[in-house]
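Fold and geometry: a report
Chain by chain, the residues run as shown.
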Amino acid sequence: MSRSAHPAGPRHADVLPEGHWTAPATDLNALDEKVWSRTVTRGADGAVSVGGIEVARLAEEFGTPAYILDESDFRARCRAWADAFGADADVFYAGKAFLSRAVVRWLTEEGLNLDVCSGGELATALDAGMPAERIAFHGNNKTIAEIERAVTAGVGRIVLDSFQEIVRVAHVAQGLGKRQRVQIRVTVGVEAHTHEFIATAHEDQKFGIALADGQAAEAVRRALTLDGLELIGIHSHIGSQIFDMAGFEVSARRVVGLLAEIRDEHGVELPEIDLGGGLGIAYTSEDDPREPHEIAKALGDIVTRECESAGLATPRISVEPGRAIVGPTAFTLYEVGTIKPLEGLRTYVSVDGGMSDNIRTALYDAEYSVSLVSRSSDAGPMLVRVVGKHCESGDIVVKDAFLPSDLAPGDLIAVPATGAYCRSMASNYNHALRPPVVAVRDGRARVIVRRETEEDLLRLDVG
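Residues numbered from 1 in each chain as written. Predicted model: local features only at pLDDT ≥ 70, side-chain atom pairs only at ≥ 80, totals over all residues. Heavy atoms only, no water.

Things to note about the overall build of the chain
Each helix and strand counted, the chain has twelve helices and 21 strands in total. Here the chain has a C-alpha radius of gyration of 24 Å; the compact-globule value for 463 residues is 23 Å, and the two agree. Projected onto its principal axes, the C-alpha coordinates of the chain cover approximately 70 × 50 × 50 Å. Every one of the 463 residues in the chain was classed for burial, and the buried ones make up 54%. Of the contacts formed within the chain by residues at least 6 apart in sequence, a portion of 71% connects residues at least 24 apart. For the chain, the exposed area adds up to about 20200 Å²; of that, 49% sits on carbon and sulfur atoms. If you average the places of the 47 positive and of the 68 negative side-chain charges in the chain, the two averages end up 3 Å apart. (Helix = DSSP H or I, 4+ residues; strand = E, 2+ residues; numbered from the N terminus. Rg over C-alpha atoms; globule rule 2.2 N^0.38 Å. Buried < 20%, exposed > 50% of the residue type's maximum accessible area, 1.4 Å probe, protein only. Contact = heavy atoms within 4.5 Å. Areas by Shrake-Rupley, 256 points an atom, 1.4 Å probe, with all protein chains shown as cover. Lys, Arg positive; Asp, Glu negative; His and termini not counted. Charge placed at Lys NZ, Arg CZ, Asp CG, Glu CD.)

Quick notes on the sheet that holds strand E2 (residues 48–50)
Neighbouring strands of a sheet are bound in pairs by backbone hydrogen bonds; such pairs are parallel or else antiparallel. Judged by pairing direction, the sheet is antiparallel, and its three strands sit side by side in the order E1-E2-E3 without closing on themselves. Pairing within the sheet leaves two strands with one partner each, and these edge strands are strand E1 (41–42) and strand E3 (53–54). Sheet topology places E2 next to E3; two bridges connect them, and they run antiparallel. Residue pairing across strands places Ser49 opposite Glu54, the latter belonging to E3. (Pairing = 2+ DSSP bridges.)

Focus: the packing of helix H8 (residues 246–266) against helix H9 (residues 292–310)
Viewed as axis vectors pointing N to C, H8 and H9 meet at an angle of 35 degrees, and their least axial separation amounts to 9 Å. Two packed elements cross with a definite hand, and for H8 against H9 that hand is right-handed. Residue-level inspection shows Phe248, Glu249, Ala252, Arg253, Val256, Ala260 and Arg263 of H8 in contact with H9, the latter providing Leu299, Ile302, Val303, Arg305, Glu306, Cys307 and Ala310. (Axes fitted to C-alpha atoms, helices over the stretch in contact; angles between N-to-C directions. Left-handed = near helix turned anticlockwise from the far one by under 90°.)

So, the packing of aromatic side chains
In this structure the tally under the stated criterion is five aromatic pairs. Look at Trp81 and Phe85: their rings are 5.9 Å apart centre to centre, the planes differ by 5 degrees, and that puts the pair in the stacked class. Of this pair, Trp81 and Phe85 both sit in helix H2 (residues 71–85), four residues apart, which is roughly one turn of that helix. Per residue, the accessibility class of Trp81 equals that of Phe85, and both read buried. A ring pair is formed by Tyr283 and Tyr368, whose centres lie 5.1 Å apart and whose planes are at 75 degrees; its orientation type is edge-to-face. Within this pair, whereas Tyr283 is found in the loop between strand E12 (272–274) and H9, its partner Tyr368 is found in the loop between helix H11 (360–364) and strand E16 (371–372), the two being separated by 85 residues in sequence. Overall, Tyr283 belongs to the buried group, its relative accessible area being 4%. Residue classification places Tyr368 among the buried positions, given a relative accessible area of 4%. (Phe/Tyr/Trp six-rings, centres within 6.5 Å; stacked < 30°, edge-to-face > 60°.)

Examining the nonpolar core
In terms of nonpolar packing, the biggest core is built from 109 residues, with Phe74, Tyr93, Ile184, Ile234 and Ile413 touching the most fellow members. If one sorts the elements of this core by residue count, H8 sits on top with eight residues. Counting residues in each nonpolar core, the second largest holds 20 residues, with Val48, Ile53, Ala66 and Val438 among its members. (Core = buried A, V, L, I, M, F, W, Y, C linked by side-chain atoms within 4.5 Å.)

A short note on the state of the cysteines
Enumeration according to the criterion identifies zero disulfides in this entry. The structure places no disulfide on Cys422, whose sulfur is separated from the nearest cysteine sulfur, that of Cys117, by 16 Å. (Disulfide = S-S within 2.5 Å.)

Topic: unusual backbone geometry
In this structure, Pro65 follows Thr64 across a cis peptide bond, with omega equal to -5 degrees. Relative to the elements of secondary structure, Pro65 occurs in the loop between helix H1 (55–62) and strand E4 (66–70). With a phi close to 60 degrees, His431 is a non-glycine residue in the positive phi region. For His431, the position within the fold is in the loop between strand E19 (412–416) and strand E20 (437–441).

Considering the environment of Gln241
Of note, Gln241 is situated in the loop between strand E11 (229–235) and H8. Note: C-alpha distance between Gln241 and Gly278 (37 residues apart in sequence) is 5.3 Å. Within the local environment of Gln241, its side chain forms a polar contact with the backbone oxygen of Ile281, the two atoms lying 2.9 Å apart. (Polar contact = N/O pair within 3.5 Å; in protein donor to acceptor, adjacent residues only side chain to side chain.)

Details of the environment of Arg305
Along the chain, Arg305 turns up in helix H9. Considered as a pair, Arg305 and Ala252 are 53 residues apart in the sequence and their alpha carbons are 9.9 Å apart.

Next up, the structure:
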């Protein structure tokens, strides 16, 4: 045997130590309202419904796996964010969380703006009728073609992410005879308390222009000299799935400090500041997210206080919630296939989806909840790991949770809070077919993104 090899004993494969998981809920049939969308209920017969429709009916009509999106909840969260920040601030929905033409129409109707970060997202936004002036275009490596399309369409702002991009956008805008409104994205050196892969404000990562060593100040100097650009503000985004406002306070202080430097050097007070998104949601009962009105007040107080200290007029604030709006509004509906007890460890519950429809557990070590939804049960709890059907041992949907011990093949289980990033990051691994997104509202269900078919896969394979 090679010295680098080791035997895979019965506790190989990252078995969690005793006491890691939360104790089973007193009532496994209960649905925590923090985790589930607002119209999800369990009826007297034990079956779960959303928007007035039982999940068994949804499974029968649309198949599994499927993303079930609560449209009423989505719209209500849009309104809550808009009302919290009011007319003196801007709320941009972060389209990377989940975007479709139906979602764009809902955003337009509910008065939110839209943040996109690729040509495909921009195309979806424009095709679905979002006014271009309400679109912000992000991205750390925008192509010339993407920039041309954004400037031609008249997007409200382009967020500049590098020195090269300052020149690219200015060149394109000037060539089109336009003056493009832009913000400069700065990395402020804040270590957000989140996963390494979704922390975005420390210096050692790909996004933005560092505030350290004067790079951001130099980016401002260059932007102010170019005729094709109208510099309207500074952008900062510190990460994702954040519950602690302390990081935003440090970020705002440093961004306002840069605004003061710009005023002192150039005699210009930039009118806008974008503090990004990244506010966390409840994936499990242990998570405790803040409400939009709390976030709005906290951010407003932070910026106002820092600007008063620096002798600056308070700029217009914008924020970019994506996960915080769409995340809690959807769940993924699965059918149980194989149940495999491992004595003294846990029971593996295999479903008809997996890492192709939710890569976040494998990618970020994300935690989720899960419930039996086709019926209720009085059986005792069993510790389970919900896994998919892909050829990877890391194909895990829910690492550790408790489900009723009478769980059987054919039962329907659901993983809540999968509205954000799951469909956006879905793949065709093992030639899996990406699930549909089914919007439910007031007793009606409709497909807004259809399930892929084998014909779709073969059509792309030109042989």
